[in-house]
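Below, each chain spelled out in residue letters.
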Amino acid sequence: MATETLPTPATIGNTHPTKVYKNFIDGEWVESSMGETFEDRNPADTRDVVGIFQKSGKADVDAAVDAAKRAFARWRLVPAPRRAELVFKAAEILIERKEECARDMTREMGKVLAETRGDVQEAIDCAYYMAGEGRRMFGPTVPSELPNKFAMAVRQPIGICGMITPWNFPMAIPSWKLLPAIVCGNTCVIKPAQDTPLSTFHLVRALADAGVPHGVINIVTGFGPDVGTPLAEHSDVRAISLTGSSAVGRIVGQTAAKSFKHCSLELGGKNPMIVLDDANLDLAIEGGLWGGFGTTGQRCTATSRIIVQKGVYSEFIERYVERAKKLKVGNGLDETVEMGPAINERQLATDLSYVDIAKNEGAKLVCGGNRLTESKYQYGFFMEPTVFIDVDPQMRIAQEEVFGPVVAIIPCDDLEDAIGIANGIEYGLSSALYTKDVNRAFSAIRDLDAGITYINAPTIGAEVHLPFGGTKATGNGHREGGIGAIDFYTEWKSVYVDYSDKLQKAQIDRGE
Ligand code: UN1
């Protein structure tokens, strides 16, 4: 292993010299073929350059895929429990490095330290879970129709897997893809989001330090058209997994289809939280704040719509807005801060543009709506927690994913009305219901058209050993997390062993 050349997590602040990170191909750190770089800057303070990364292109993708191809020939033959042991070891390394990884993540992504610790923890959880799967990988063993014949199905790796990951969970989401992929015997090329590549480096460094061999995981940094497109198009790449917007998902899905690649798309959401008259309002308010403004609203699972029954509508709004106004916004490295910045200038502009869109549609702004301009915010992309009320379910603010701290509150008559509103969007990722009535809870579990439903908890907070993903424009039917990830990263091979010593014709030799 070329571990001595691997970067160590940077320290807090901008007093250290800015590190230049290279691509990681075949266990070596190599410069981009284009000879260009880009900066990873702190969205809370853009004077802080977290790292300098390679701006890569097709030649770099080709080199990484070649390395993954060579590595696959050996890695596929390593027994799955042995592959899994390395993933288990990486979890233990990450535990030791949790704090430094979290601090670096807050610097590059902006979310508060409590949340970046959670992001690293999610990668650790995923590693422990997937390490266990290495000793299962169950397949069916079934009786044959014919005598003296044995029938079973085994899981086999697919080959080289391409991964394109987002900036909002920069270690957890790469872990959801890389860890099941390598436990199943595949090799990988990952393109992390250009806003947050360092967290992926930390994850891969832990895996390399645990002993994952050269070429099994390769990182190529850069921008979508330069790196993501050639990766999705490459004829040797047999599976592509993307977490991103529905717009990019459509392009990647169409590209993958041309060469019959396996393709997993994890896309947008416009997640509803329903609050019925009988709900514990304290709990619902707490949940709505966490779901709406945690991660600055930048989760695919963020609670971006709150659908409130008329009996508690006024009280809910009054108390929710009072709390939202008090949320402390700032640099996530300050442990007292509750909400960090938007990831970049463009995302902030999008968030603010939805304030204008919603106002023009007639939604009522009752909290926030502005960029924060005090001097302490001047170098970051900060915005006030924003709440619109009296939102009509058909307005754009109730239909489109903003990916920022903007919550739309919609009144409803009863559960049936609420479910109609909840389902009346193009997405179907997460959903939530607050009620004390078990009958209504189970009706909603059945009727909410979403991949995830929470009862008496907000729309965020999925755990790695359950399926994660959604219906409709949220994806293409695959699930990450849980056994769904093992399903995605393996191909079935059915095996028939005939020990009768004669030709037996299936469906024909029935002994009749
Ligand atoms: C995302 O929303 O992009 O369920 C991922 C959650 C986290 C993962 C979110 N565990 O909120």
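Residues numbered from 1 in each chain as written. Predicted model: local features only at pLDDT ≥ 70, side-chain atom pairs only at ≥ 80, totals over all residues. Heavy atoms only, no water.

**A closer look at the site of the ligand**
In the vicinity of the ligand, the residues found are Glu122, Asn168, Phe169, Ile173, Trp176, Arg299, Cys300, Thr301, Ile460, Gly461, Ala462 and Phe468. At a separation of 2.7 Å, an oxygen atom of the ligand approaches a polar side-chain atom of arginine 299. Protein chains shield 98% of the accessible area of the ligand, which is 320 Å² for the free molecule. Residue composition of the shell around the ligand, grouped by class: seven nonpolar, three polar and two charged. Here the shell around the ligand gathers at least three residues from each of two domains, domain 1 (24-267 + 475-493) and domain 2 (272-455). (Near = heavy atom within 4 Å. Polar contact = N/O pair within 3.5 Å; in protein donor to acceptor, adjacent residues only side chain to side chain. Areas by Shrake-Rupley, 256 points an atom, 1.4 Å probe, with all protein chains shown as cover. Nonpolar A, V, L, I, M, F, W, Y, C, P; charged D, E, K, R; others polar. Domains from an automatic or database assignment.)

**A word on the packing of helix H1 (residues 58-75) against helix H6 (residues 224-233)**
In helix packing, the relevant descriptors are the interaxial angle and the interaxial distance, both defined with respect to the helix axes. Orientation of H1 relative to H6, taken along the N-to-C sense of each, is 45°, at an axis distance of 8 Å. In terms of orientation, H1 and H6 fall into the oblique class. Between H1 and H6 the crossing geometry is right-handed. Of the residues in H6, those touching H1 at Lys58, Val61 and Val65 are Asp226, Val227, Pro230 and Leu231. (Axes fitted to C-alpha atoms, helices over the stretch in contact; angles between N-to-C directions. Helix = DSSP H or I, 4+ residues; strand = E, 2+ residues; numbered from the N terminus. Parallel < 35°, antiparallel > 145°, perpendicular 65-115°, else oblique. Left-handed = near helix turned anticlockwise from the far one by under 90°. Contact = heavy atoms within 4.5 Å.)

**Concerning the packing of aromatic side chains**
For the coordinates displayed, the defined rule picks out 14 aromatic pairs. Every member of this aromatic cluster is reached through a ring pair, and the members are Tyr21, Phe24, Trp29, Phe38, Phe53, Phe201 and Phe223. Just above the ring of phenylalanine 169 sits the side chain of lysine 111; from NZ or CZ to the centre is 3.6 Å. (Phe/Tyr/Trp six-rings, centres within 6.5 Å; stacked < 30°, edge-to-face > 60°. Lys NZ or Arg CZ within 6 Å of the ring centre and 35° of its normal.)

**Observations concerning the layout of surface pockets**
Within this model, the largest pocket holds a volume of roughly 1,300 Å³. The set of elements that each furnish at least two residues to the lining of the largest pocket consists of strand S4 (36-42), H6, strand S11 (237-243), helix H7 (246-258) and helix H10 (345-361). Per-element tally for the lining of the largest pocket: the top contributor is H7, with six residues. Partitioned by chemical class, the residues of the lining of the largest pocket number 21 nonpolar, 16 polar and ten charged. Two domains each provide a minimum of three residues to the lining of the largest pocket, namely domain 1 (24-267 + 475-493) and domain 2 (272-455). The computed volume of the second largest pocket comes to approximately 380 Å³. Taken together, 23 residues make up the lining of the second largest pocket; nearest its centre are Glu122, Phe169, Arg299, Gly461 and Ala462. Looking at the lining of the second largest pocket, the elements that each hand over two or more residues are helix H3 (113-133) and helix H4 (172-183). A per-element tally of the lining of the second largest pocket places H3 first, with six residues. (1 Å grid on protein atoms, 1.4 Å probe; cavity = no way out; pocket = protein on both sides within 12 Å on 5 of 7 lines; lining within 4 Å. Points joined across faces, edges and corners; volume = space filled by probe spheres on them.)

**Regarding a nonpolar patch on the surface**
On the surface, Phe150, Val497 and Tyr499 cluster together into a nonpolar patch covering about 300 Å² of accessible area. Looking at where phenylalanine 150 falls in the secondary structure, it is placed in strand S7 (residues 149-157). (Patch = residues over 30% accessible without salt bridge, like charges linked within 9 Å, V, L, I, M, F, W, Y side chains within 5 Å. Salt bridge = Lys/Arg side-chain N within 4 Å of Asp/Glu carboxyl O.)

**A closer look at the nonpolar core**
Ranked by size, the top nonpolar core spans 105 residues in total, and within it Phe316, Tyr320 and Ile409 carry the most contacts. Element by element, the count of residues in this core is highest for helix H2 (residues 80-109), at twelve residues. Looking at which domains feed residues into this core, each of domain 1 (24-267 + 475-493) and domain 2 (272-455) gives three or more. In this view, phenylalanine 316 contacts Val275, Leu281, Ala284, Ile285, Ile306, Val308 and Ile409; residues no more than four positions away in its chain are not counted. (Core = buried A, V, L, I, M, F, W, Y, C linked by side-chain atoms within 4.5 Å. Buried < 20%, exposed > 50% of the residue type's maximum accessible area, 1.4 Å probe, protein only.)

**A look at empty space enclosed by the protein**
With the rule as written, the count across this model stands at five cavities of 30 Å³ or more. Of the pockets and cavities examined, the largest cavity occupies roughly 80 Å³. In terms of lining, the largest cavity is formed by 14 residues, of which the most central are Gly297, Ala302, Ser304, Glu401 and Phe403. Here the residues of the lining of the largest cavity are counted per class, giving five nonpolar, five polar and four charged. There is about 60 Å³ of room inside the second largest cavity. Lining the second largest cavity are 14 residues; nearest its centre among them are Pro272, Ala422, Ser430, Asp449 and Ala450. A breakdown of the residues in the lining of the second largest cavity according to their chemical character gives seven nonpolar, five polar and two charged.

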